Amino acid sequence: MNQGTMKYVLENCANGAESALKAQEGGADRVELCAGIPEGGTTPSLGEMRLARRLLTHTRLHVIIRPRGGDFCYSAEELEAMVTDIHAAREEGADGVVFGALQSDGSIDMAAMHRLMEAAQGLSVTFHRAFDVCREPMEALEQIIGLGCDRILTSGQAATAEEGIPQLAKLVEEANGRIIIMPGCGINASNIARIARQTGACEFHFSGRSKVSSPMTYRNPKVSMGGTVRIDEYSRNITDPEKIRAAREALTKEPLHSSDLLNPAEETHATGRDGEQ
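In short, a report on the structure.

Each value, and the rule that gives it
- Residues numbered from 1 in each chain as written.
- Predicted model: local features only at pLDDT ≥ 70, side-chain atom pairs only at ≥ 80, totals over all residues.
- Heavy atoms only, no water.
- 1 Å grid on protein atoms, 1.4 Å probe; cavity = no way out; pocket = protein on both sides within 12 Å on 5 of 7 lines; lining within 4 Å.
- Points joined across faces, edges and corners; volume = space filled by probe spheres on them.
- Nonpolar A, V, L, I, M, F, W, Y, C, P; charged D, E, K, R; others polar.
- Buried < 20%, exposed > 50% of the residue type's maximum accessible area, 1.4 Å probe, protein only.
- Helix = DSSP H or I, 4+ residues; strand = E, 2+ residues; numbered from the N terminus.
- Pairing = 2+ DSSP bridges.
- Right-handed = clockwise from strand over helix to strand, strands pointing away.
- Polar contact = N/O pair within 3.5 Å; in protein donor to acceptor, adjacent residues only side chain to side chain.
- Contact = heavy atoms within 4.5 Å.
- Phe/Tyr/Trp six-rings, centres within 6.5 Å; stacked < 30°, edge-to-face > 60°.
- Axes fitted to C-alpha atoms, helices over the stretch in contact; angles between N-to-C directions.

Within this structure, the stated rule accounts for one cavity of 30 Å³ or more. A volume near 50 Å³ is recorded for the largest cavity. Split into classes, the residues belonging to the lining of the largest cavity amount to two nonpolar, three polar and three charged.

As structure tokens, then:
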């Protein structure tokens, strides 16, 4: 691969098709489409997948496959739903899917992963932040590489990617180009260049959202749709194109590492959109 294909890649965690469109406006290379952001991201609806694919004319679309919040130890029924959702994402034109599964002892659930990988053949696959709660990260890294995943989304097993810089750097070094290590969690324009410089990573995952007030003029503050879980139900967070642009601008001042090449697999998946820049 020649030097002309070298670049930093920005992935936006989009909480719906509207945010996905905003991410594209801001110049994101890829969108991870999610529902249930307060739970860490769950599988979006069929309608959101379909609309996001229609709106994203030149931005790659990956879909998280996660049937619920909480841990990543899945029942047979949950795995069946995940396989069905992978097929649905493919049918709706997704370029990739995002999933992960663990056993109760914190190790990678290889049987579950083999089943999910089989369903995802031809799609780009990201092993998500289940990695951050696995027991033995270096052992897990080798297993995930062996499964054929394209990247790992991780905060370096820390509360944020910034705090996880030492572990992220170790993972990038150990991966040695065999898989993409993509830092995520708490990344923004003010820290992305430092994370890039100190870890050697070239792909980054962040939300870049801003709060938007509800158009509702009548409001009943006594009623909560979440029961005992109280959230602001008269505002929502939407991807902010300016925050995407600011992160890109911060990275333009940061020289790429000589080994920072787009994963060749990223350019050869079924839809062909992964090769478009």
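After that view, the rundown keeps rolling.
For the rest of this paragraph, the subject is the pairing of strand β2 (residues 30–33). For a regular strand, side chains alternate in direction, first toward one face of the sheet and then toward the other. Burial of β2 is two-sided: the residues R30 and E32 facing one way and the residues V31 and L33 facing the other way are all buried. Judged from the four bridges that link them, strand β1 (residues 9–14) and β2 form a sheet pairing that is parallel. Along β2, the bridge assignment pairs E11 with R30. A crossover links β1 with its parallel partner β2, the connecting element being helix α1 (residues 17–26), and its sense is right-handed.

Tracing the backbone shows H128 in the loop between β5 (124–127) and α5 (137–147). Of the polar contacts made by the side chain of H128, one reaches the backbone nitrogen of G100; its length is 3.3 Å. Aside from chain neighbours lying at most four places away, what touches H128 is I64, R66, F72, V98, F99, G100 and L153.

A complete count under the given rule lists one aromatic pair for this structure. Relative to F204, the ring of Y8 has its centre 6.0 Å away and its plane inclined at 50 degrees; by these criteria the two rings are tilted. With Y8 in the segment before β1 and F204 in strand β8 (residues 203–206), this pair connects stretches of sequence that are 196 residues apart.

Once that is clear, we can look at the sheet that holds strand β4 (residues 96–99). Strand order in this open sheet of eight strands is β7-β6-β5-β4-β3-β2-β1-β8, and the pairing throughout is parallel. Each of the sheet's edge strands pairs with one partner strand only, and the pair in question is β7 (180–183) and β8. Direction aside, the axes of adjacent strands within the sheet are offset by 25 degrees on average. Sheet topology note: the β4/β5 ladder contains four bridges and is parallel. Counted as the bridge partner of V98 is T126 from β5.

That is the geometry; function is a separate question.
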